[in-house]
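# Summary of the model geometry
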Amino acid sequence: MSQASLNAALHATWRDYLELCKPRVVSLIVFTAIVGMFLATPGMVPPQILICATLGIGLSAAAAAAINHVADHRIDALMARTRHRPLPQGEISRPQALMFAAALGMGGMALLIWYVNWLTAVLTFASLIGYAVIYTLYLKRATPQNIVIGGAAGAAPPVLGWTAVTGQVDPHALLLFLIIFAWTPPHFWALAIYRRNDYARADVPMLPVTHGVDYTRVQILLYTVILSIVTLLPYATYMCGPLYLVSALGLDGVFLYHALRMQWDHDDRLALRTFAYSIVYLMALFLALFLDHYLPALRGLLSA
């Protein structure tokens with residue numbers, strides 16, 4: 001072990017390792033996966049599946065996040081948003097982070113293989129590779145469409161949750177995938193506008209850097225329109241009822257308002273607010289899916 005690695009090992013704390021896991025991102029991933037589990041069954045999710053699938057998917061997502069930290073440590077050191085992460089600060093060494101990621105990944109895979117099912121394990125592993133390797137090591141540096149193509153990995157969690165319960169991929173699960181896939185570009189490009197100078201400094205070809213901010217604002221609006229249409233599909237296919245429809249229309253309306261306002265209000269703080277709203281939007285939309293799914297059962301309990 002080098003002196004730098006030894007110093008990092010001595011100074012690393014549990015908070016440094018927790019930051020490697022990107023807990024806020026992983027919590028959103030796990031939340032959408034859990035909703036996918038509950039939507040896959042008319043009753044309750046078996047406790048073993050709920051616990052083991054949640055832990056397995058969460059640990060695998062955390063492993064992908066840790067690998068992302070290692071792959072991006074040079075870029076992170078150049079960006080104001082990320083320069084205080086553990087690797088750029090020397091709190092954790094790259095070998096440590098990789099060993100930590102391997103432990104998380106193997107733990108997550110073991111839970112999914114032994115206590116859930118092979119299909120969920122395989123799809124989760126594919127998502128890990130898609131984000132940590134294909135997106136982080138190649139797409140992120142290769143094309144301004146990186147987040148569009150790489151968004152497939154981030155859209156997988158509700159499908160993983162669904163397959164954990166049923167052992168198969170259902171068309172309705174793919175609708176959930178499509179919602180997150182359409183949500184990812186306007187969500188991330190809003191942040192990219194706000195942080196475009198950071199990305200330019202780090203030579204990352206994000207859309208506002210390569211095509212300009214005005215073009216990116218138009219793309220955010222177009223993708224928000226697409227997202228609004230896609231979110232109506234669960235109702236159109238009889239997957240969900242009026243509660244979800246009303247919730248989706250209201251949430252889409254606010255998102256469209258932000259995207260439209262960005263066309264003439266060029267304050268970067270609006271881009272940041274749009275990014276923040278997009279997170280609330282996705283959580284609220286999936287919460288509406290969950291509540292709508294169990295509304296008939298709740299009505300039955302109340303009328304009993």
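Residues numbered from 1 in each chain as written. Predicted model: local features only at pLDDT ≥ 70, side-chain atom pairs only at ≥ 80, totals over all residues. Heavy atoms only, no water.

For an α-helix the count is 3.6 residues per turn, leaving residues at separations of three or four pointing the same way. Along its 20 residues, helix α15 (residues 242-261) runs 28 Å from first to last C-alpha, staying within 8% of the 28 Å computed at 1.5 Å per residue. Among all positions of α15, only Y244, A248, L251, D252, F255, H258 and A259 are buried. Relative to the axis of α15, the buried residues are bounded by an arc of 115° and lie together on one face. Along α15, exposed side chains directed more than 90 degrees from the buried face belong to P242 and V246. (Helix = DSSP H or I, 4+ residues; strand = E, 2+ residues; numbered from the N terminus. Expected span 1.5 Å × (residues − 1). Buried < 20%, exposed > 50% of the residue type's maximum accessible area, 1.4 Å probe, protein only. Arc of directions from axis to C-beta.)

Counting 29 residues, the largest nonpolar core has W183, Y244, Y281, F286 and L289 as the members making the most contacts within it. Listed by contribution, the elements that provide at least two residues to this core are α3 (23-39), α9 (157-166), α10 (171-194), α13 (213-230), α15 and α16 (268-303). Those residues within four positions of Y244 in sequence are excluded, and the remaining contacts are I179, T231, P234, Y235, L285, A288, L289 and D292. One finds F188, I220, Y223 and A259 within the second-largest nonpolar core, a separate group that totals 26 residues. (Core = buried A, V, L, I, M, F, W, Y, C linked by side-chain atoms within 4.5 Å. Contact = heavy atoms within 4.5 Å.)

Its location among the elements puts D252 in helix α15. Look at D252: it is buried, it has no salt bridge, and the nearest opposite charge is R261 at 18 Å. Here the side chain of D252 touches T231 through a polar contact of 2.6 Å, side chain to side chain. (Lys, Arg positive; Asp, Glu negative; His and termini not counted. Salt bridge = Lys/Arg side-chain N within 4 Å of Asp/Glu carboxyl O. Polar contact = N/O pair within 3.5 Å; in protein donor to acceptor, adjacent residues only side chain to side chain.)

Two elements in contact, helix α4 (residues 47-71) and helix α7 (residues 118-142), have axes whose closest approach is 9 Å; the angle formed by their N-to-C orientations is 20°. With respect to α7, the element α4 is oriented roughly parallel. Two packed elements cross with a definite hand, and for α4 against α7 that hand is right-handed. Here I57, S60, A63, A64, A65, I67, N68 and A71 of α4 lie close against α7, whose contacting residues are T124, L128, Y131, A132, T136, L137 and R141. The class makeup of the residues in the contact of α4 with α7 is 10 nonpolar, 4 polar and 1 charged. (Axes fitted to C-alpha atoms, helices over the stretch in contact; angles between N-to-C directions. Parallel < 35°, antiparallel > 145°, perpendicular 65-115°, else oblique. Left-handed = near helix turned anticlockwise from the far one by under 90°. Nonpolar A, V, L, I, M, F, W, Y, C, P; charged D, E, K, R; others polar.)

For the structure on display, the rule yields 10 aromatic pairs. The interplanar angle of 75° and the centroid separation of 6.0 Å between the aromatic rings of F38 and Y294 together place this pair among those described as edge-to-face. On the criterion of sequence distance, the pair formed by F38 in helix α3 and Y294 in helix α16 is long-range, its members being 256 residues apart. A relative accessible area of 11% means that F38 is categorised as buried. In textbook terms, an aromatic cluster arises when at least three aromatic residues are bridged by ring pairs, as seen for F38, F290 and Y294. (Phe/Tyr/Trp six-rings, centres within 6.5 Å; stacked < 30°, edge-to-face > 60°.)

All right, on to a nonpolar patch on the surface then. On the surface, a nonpolar cluster with roughly 220 Å² of combined accessible area is contributed by L119, V169 and L174. With respect to the helices and strands, the residue L174 is situated in helix α10. Assessed through its relative accessible area of 43%, L174 is described here as partly exposed. (Patch = residues over 30% accessible without salt bridge, like charges linked within 9 Å, V, L, I, M, F, W, Y side chains within 5 Å. Areas by Shrake-Rupley, 256 points an atom, 1.4 Å probe, with all protein chains shown as cover.)

For the rest of this paragraph, the subject is the pattern of salt bridges. Applying the stated criterion across every chain yields a total of 9 salt bridges. The partner of R201 in a salt bridge is D198, with the nearest N and O atoms 2.6 Å apart. Placement of both R201 and D198 in helix α11 (residues 196-201) is noted, with a separation of 3 residues, approximately one turn of the helix. A relative accessible area of 47% means that R201 is categorised as partly exposed. Judged by relative accessible area, which is 5%, D198 ranks as buried. Taking the shortest distance from any N to any O, the salt bridge between R261 and D265 comes out at 3.2 Å. Residue R261 is classed as partly exposed on the basis of its relative accessible area, which comes to 26%. Residue D265 is classed as buried on the basis of its relative accessible area, which comes to 18%. Salt bridges sharing common partners tie together D72, K140 and R141.

Our next topic: the environment of L78. Mapped onto the elements, L78 comes out in helix α5 (residues 73-78). Counting along the chain gives 10 residues from L78 to P88, while the straight-line C-alpha distance between them is 9.0 Å. The residues contacting L78, other than those within four sequence positions of it, are R83, D198, R201 and A202.

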